[in-house]
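# Observations on the model geometry
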Amino acid sequence: MSKQTVGVDINLQTADPVFKLGQVHFDEYGRKFRYGQANGAQTAGEVSQFTRDGTWDATPMTTTTQDSKLWHLGVPNINMTDNYYGWFWCGYGEFEVVVVNGVTALSPLTTTATAGEVGTGGTLIDGFINVDAGVTSTRVTCIAFGELTVAVTAAFD
């Protein structure tokens, strides 16, 4: 049984939802995507955290937006317009992600103080490393060995 969703284009955003919010899609490479809504304009490759209230709003993540709950993360492949809907990569396999300058290749990635950018020295993102070195906050190839999550205490609400 395939877990692929028919009609998915990860490079498309819409003003109105065309899939159920929170719906999951696996592409032909086994990468996992989740359908959500951009809460604020977002840049392709920047990491966002989804709300836990069922609305699946995606807000660019920073170290200061973390709390004691489990956060599910997602990364848009395109620039997203505020309040538009689209697909966010949320783990498994390779994807291009914005990594802060100076992060060496094969580093475990964490949250940073810069909205949407990952690096080192913040809260660890489970099973997430960069393949290429971070250069001037550009998109580089990263790999996730599972779903992208950040958990300070792994508590659920």
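Residues numbered from 1 in each chain as written. Predicted model: local features only at pLDDT ≥ 70, side-chain atom pairs only at ≥ 80, totals over all residues. Heavy atoms only, no water.

By the secondary structure assignment, Cys90 is in strand E6 (residues 85-99). Cys90 sits in the buried class, given a relative accessible area of 1%. Setting aside anything within four residues of it in sequence, one finds Cys90 in contact with Lys32, Phe33, Arg34, Leu73, Gly74, Gly146, Glu147 and Leu148. (Helix = DSSP H or I, 4+ residues; strand = E, 2+ residues; numbered from the N terminus. Buried < 20%, exposed > 50% of the residue type's maximum accessible area, 1.4 Å probe, protein only. Contact = heavy atoms within 4.5 Å.)

With that settled, consider the nonpolar core. With 26 residues, the main nonpolar core has Leu73, Trp89, Val97, Val118, Ile125, Phe128 and Leu148 as its most contacted residues. Taken together, the elements giving at least two residues each to this core come down to strand E2 (32-38), strand E5 (70-76), E6, strand E8 (124-130) and strand E9 (138-147). Per-element accounting of this core gives the leading share, six residues, to E6. (Core = buried A, V, L, I, M, F, W, Y, C linked by side-chain atoms within 4.5 Å.)

Under the defined criterion, the tally for this structure stands at ten aromatic pairs. Between Phe33 and Phe95 the ring centres are 5.9 Å apart and the planes differ by 70°, which places this aromatic pair in the edge-to-face class. With Phe33 in strand E2 and Phe95 in strand E6, this pair connects stretches of sequence that are 62 residues apart. What links up through ring pairs into an aromatic cluster is the set Phe19, Tyr35, Tyr85 and Trp87. (Phe/Tyr/Trp six-rings, centres within 6.5 Å; stacked < 30°, edge-to-face > 60°.)

A side chain with one charge may pair with a side chain of the opposite charge, provided their charged atoms come close. Applying the stated criterion across every chain yields a total of four salt bridges. The partner of Glu147 in a salt bridge is Arg34, and the shortest N-O contact between them spans 3.1 Å. Of the two residues, Glu147 sits in strand E9 while Arg34 sits in strand E2, which places them 113 residues apart along the sequence. The exposure class of Glu147 is buried, given its relative accessible area of 18%. (Salt bridge = Lys/Arg side-chain N within 4 Å of Asp/Glu carboxyl O.)

Moving on, we get to the pairing of E2. Across the seven residues that make up E2, a large majority, seven, are buried. Adjacent in sequence and paired antiparallel, strand E1 (residues 24-26) and E2 are bridged by five residues, among which Gly30 carries a positive phi angle near 85°. Note: E2 against E6, six bridges, orientation antiparallel. By the bridge assignment, Lys32 is partnered in E6 with Gly91. Alignment of E2 against strand E4 (residues 57-60), held across two bridges, turns out to be parallel. Looking at the pairing, Ala38 lines up with Ala58 of E4. (Pairing = 2+ DSSP bridges.)

The backbone of Trp56 sits at a positive phi, close to 55°, despite the residue not being glycine. Mapped onto the secondary structure, Trp56 falls in the loop between strand E3 (48-50) and E4. A positive phi angle, near 70°, is found at Asn83, a position not held by glycine. Here Asn83 shows up in the loop between E5 and E6. For Asn83, a relative accessible area of 43% translates into the label partly exposed.

We now examine the environment of Gly30. Along the chain, the position of Gly30 falls in the loop between E1 and E2. Overall, Gly30 belongs to the partly exposed group, its relative accessible area being 32%.

The analysis is restricted to geometry; functional conclusions fall outside its scope.
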